[in-house]
Amino acid sequence: MKFLLIMHMNPQVWDALSQEQREEVMNGHGAFMETIKKSGEMLGTTALADPSQSAVVRLRRGMPAVTDGPYLEAKEYLGGYYLVECDSRERALELAALIPDASVPGLGIEVRPVVFAG
């Protein structure tokens, strides 16, 4: 089964961490990636830029209308994800708990099954 382990970012929570705490989280991702590579469960990972660097495209009367910034104003945003393949939802939850962001109060990892991938 494939699962997306979605890392939600909250800039207020992140900014409240000390530099040492932020480095611990960032360095922990290297160890997590090694773990899921060794187990053969890692299919891929992506880190996303801050939403201030995004744009939203909508068609209006057949013409693209582009606005800067995220789709919605929110205090949390998608920071990145890991795509994993493992035997069960329980194992996906175990893997999510190993992601260092999960240990930071105010942050969390969403575990969502993948129903289609092209």
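Use the structure listed above.
As a convention, each chain's residues are numbered from 1 in the sequence order in which they are written. Only residues with pLDDT of at least 70 get local features here, since the model is predicted, and only at 80 or more are side-chain atom pairs given and counted; chain-wide, interface and lining totals rely on the full set of residues. In computing side-chain values, all of the structure's heavy atoms are included and hydrogens and water are not.

Colleague: Before we go on, may I ask you to explain the overall build of the chain in this structure?
Modeller: When helices and strands are tallied, the chain shows 3 helices and 6 strands. Only DSSP runs of H or I reaching four residues or more are called helices, and only runs of E reaching two or more are called strands; each is numbered from the N terminus. Ordering the α and β elements of the chain from the N terminus gives β-α-α-β-β-β-β-α-β. If you line up the chain on its principal axes, its C-alpha atoms span 50 × 40 × 20 Å. Relative accessible area decides the class of each residue, using a 1.4 Å probe on protein chains only: under 20% of the type maximum gives buried, over 50% gives exposed, and in between gives partly exposed. Across the 118 residues of the chain, 28% fall into the buried class.

Colleague: What exactly am I supposed to notice about the pairing of strand E3 (residues 55-60) here?
Modeller: Consecutive side chains along a regular strand alternate between the two faces of the sheet. In this sheet, strand E4 (residues 63-68) lies alongside E3 in antiparallel orientation, the contact comprising 6 bridges. Bridge pairing links Ala55 to Asp68 in E4. We call two strands paired when DSSP finds no fewer than two bridges between them. With antiparallel pairing between neighbouring strands as the criterion, E3 and E4 make up a hairpin whose turn holds 2 residues, including Arg61 at a positive phi of roughly 55°.

Colleague: How should I be thinking about the pattern of salt bridges in this particular structure?
Modeller: Any two side chains of opposite charge can pair, on the condition that their charged atoms come close. For this document, the term salt bridge refers to a Lys or Arg side-chain nitrogen within 4 Å of an Asp or Glu carboxyl oxygen. For the structure shown, the criterion picks out 3 salt bridges. Linking Glu41 and Arg91 is a salt bridge whose minimum nitrogen-to-oxygen distance equals 2.9 Å. One end of the pair, Glu41, is in the loop between helix H2 (19-38) and strand E2 (42-47); the other, Arg91, is in helix H3 (residues 89-98), with 50 residues separating them in the sequence. Relative accessible area serves as the criterion here: at 10%, Glu41 is assigned to the buried category. Residue Arg91 is classed as partly exposed on the basis of its relative accessible area, which comes to 25%. Between Glu94 and Arg91 there is a salt bridge whose closest N-O contact spans 3.1 Å. Taken as a pair, Glu94 and Arg91 lie in helix H3 at a separation of 3 residues, close to a single helical turn. Note on Glu94: relative accessible area 46%, which makes it partly exposed.

Colleague: What exactly am I supposed to notice about H3 here?
Modeller: Note: α-helices contain 3.6 residues per turn, so residues at a spacing of three or four share the same orientation. Every buried residue of H3 is accounted for by Ala92, Leu95 and Ala96. End-on, the buried residues of H3 take up no more than an arc of 100°, which puts them together on one face. Every residue pair with non-hydrogen atoms within 4.5 Å of one another is taken to be in contact. Of the surrounding elements, those touching the buried residues of H3 are strand E1 (2-9), H2, strand E5 (77-85) and strand E6 (108-113). This arc corresponds to the set of directions leading from the helix axis out to the C-beta atoms.

By themselves, these figures tell us nothing about what the structure is for.
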